[in-house]
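# Inside the fold
So the chains spell out like this:
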Amino acid sequence: MSTDSWPFLERLRRVIRAEQAGEDLRRYFGIGGPSVTASFTGRRFEHLAGGGDRPAFADAVTADDLIAMQTLSVTVPATTALELLEGELGGQLSELLRQVPNGRDMVEVDASDLAPGSAADAAWHLLRSRRGIGWVTAGKLLARKRPRLIPVYDQVVKCVLGRPRSFWLDLHAAVLADGCALHDELVALRRSAEVPETVSVLRVCDVALWMRHHGQHRKTDCDGLERPASTH
């Protein structure tokens, strides 16, 4: 877990338990009838064209995956996209994806499946080695291929969570803590917000965090989510 003075798990819980979390989810996913405007293209990230983890294509990057990435405001450069679709890079990534559990929630796997040296970690580093793919883009592409296991992660979420050193492992520890209490809270939040069960628990977490902070994050003096007066 992070050594930040305001613990990682506490930051997560504060956002997930906030009254506005459910409304933020409904607004993002366009739930609630004609009075709600579905203005966030990211609501289609996991489900576009049947999803990146559908069995026939779970271990290969497709053009649908690259379009889905654009719903989260990232684009893979054309030369790298072609390598992923038709070149050696795509083959190398497929070999690694075949070793990454599919159809399992983060709470159901061991930390070793996400730790340095794992196939998931190797896939992330492989993508990062290509020009034009930063850590955000690499993570989002893997989240598209394994939405229940690998979380979407960007500068907004990084900021609101206190810039954790190892986001995957910190989040894994958090969802397992206290008898998987956080995982259960996220499932309950998804249900209460009437978000479809086909939306992964990790995506519910990401959207709640991002919606809570993305407006404030635009400020040049942003210092993350405002801390409570007492943290004990």
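What you see is a predicted model, and the numbers here were worked out from it, not measured in a lab.

Scoring rules and cut-offs
Residues numbered from 1 in each chain as written. Predicted model: local features only at pLDDT ≥ 70, side-chain atom pairs only at ≥ 80, totals over all residues. Heavy atoms only, no water. Helix = DSSP H or I, 4+ residues; strand = E, 2+ residues; numbered from the N terminus. Buried < 20%, exposed > 50% of the residue type's maximum accessible area, 1.4 Å probe, protein only. Contact = heavy atoms within 4.5 Å. Phe/Tyr/Trp six-rings, centres within 6.5 Å; stacked < 30°, edge-to-face > 60°. Core = buried A, V, L, I, M, F, W, Y, C linked by side-chain atoms within 4.5 Å. pLDDT = per-residue confidence, 0-100. Salt bridge = Lys/Arg side-chain N within 4 Å of Asp/Glu carboxyl O.

The subject of this paragraph is the side chain of T137. Along the chain, T137 turns up in helix α7 (residues 135-145). Accessibility expressed as a relative area gives 9% for T137, which makes it buried. Filtering out sequence-adjacent residues up to four positions away, T137 remains in contact with M69, V74 and V76.

Our next topic: the packing of aromatic side chains. Using the criterion set out here, one finds seven aromatic pairs in the structure. Aromatic side chains Y28 and F40 sit 5.0 Å apart centroid to centroid with 15° between the ring planes, which places their arrangement in the stacked category. Residue Y28 is found in helix α2 (residues 20-29), and its partner F40 is found in the loop between α2 and α3 (63-70); the two are separated by 12 residues along the sequence. Arranged with centres 5.3 Å apart and planes meeting at 55°, the rings of W135 and Y153 form a pair that is tilted. Of this pair, W135 sits in helix α7 while Y153 sits in the loop between α7 and α8 (155-160); the two residues are 18 residues apart in sequence, bridging distant segments of the chain. On the basis of relative accessibility, which here comes to 24%, the residue W135 falls in the partly exposed class.

Ranked by internal contacts, the top residues of the largest apolar core, which has 68 residues, are L12, L84 and L93. Examining the composition of this core, we find that nine residues originate from one element, helix α9 (residues 167-192), more than from any other. Setting aside anything within four residues of it in sequence, one finds L12 in contact with L161, L171, A174, L182, C205 and L209.

Its identity is not glycine, yet R163 carries a phi of approximately 55°, on the positive side. By secondary structure assignment, the location of R163 is in the loop between α8 and α9.

Before going further, it helps to spend a moment on the confidence of the model for the protein. Overall, the predicted model of the protein reaches an average pLDDT of 91, with 88% of residues at or above 70. For the stretch residues 1-5, pLDDT sits under 50, and the model shows 12 contacts to residues farther than four places along the chain or on other chains.

Next up on the list: the pattern of salt bridges. Using the criterion set out here, one finds 12 salt bridges in the structure. Ionic pairing is found between E108 and R148, a salt bridge with its closest N-O pair at 4.0 Å. Pair noted here: E108 is in the loop between α5 (88-97) and α6 (119-128) and R148 is in the loop between α7 and α8, with a separation of 40 residues, a long-range link. Taking the relative accessible area as the measure of exposure, E108 reaches 42% and is therefore partly exposed. Relative accessible area serves as the criterion here: at 30%, R148 is assigned to the partly exposed category. Through salt bridges with shared partners, a single network forms among D65, R144 and K145.

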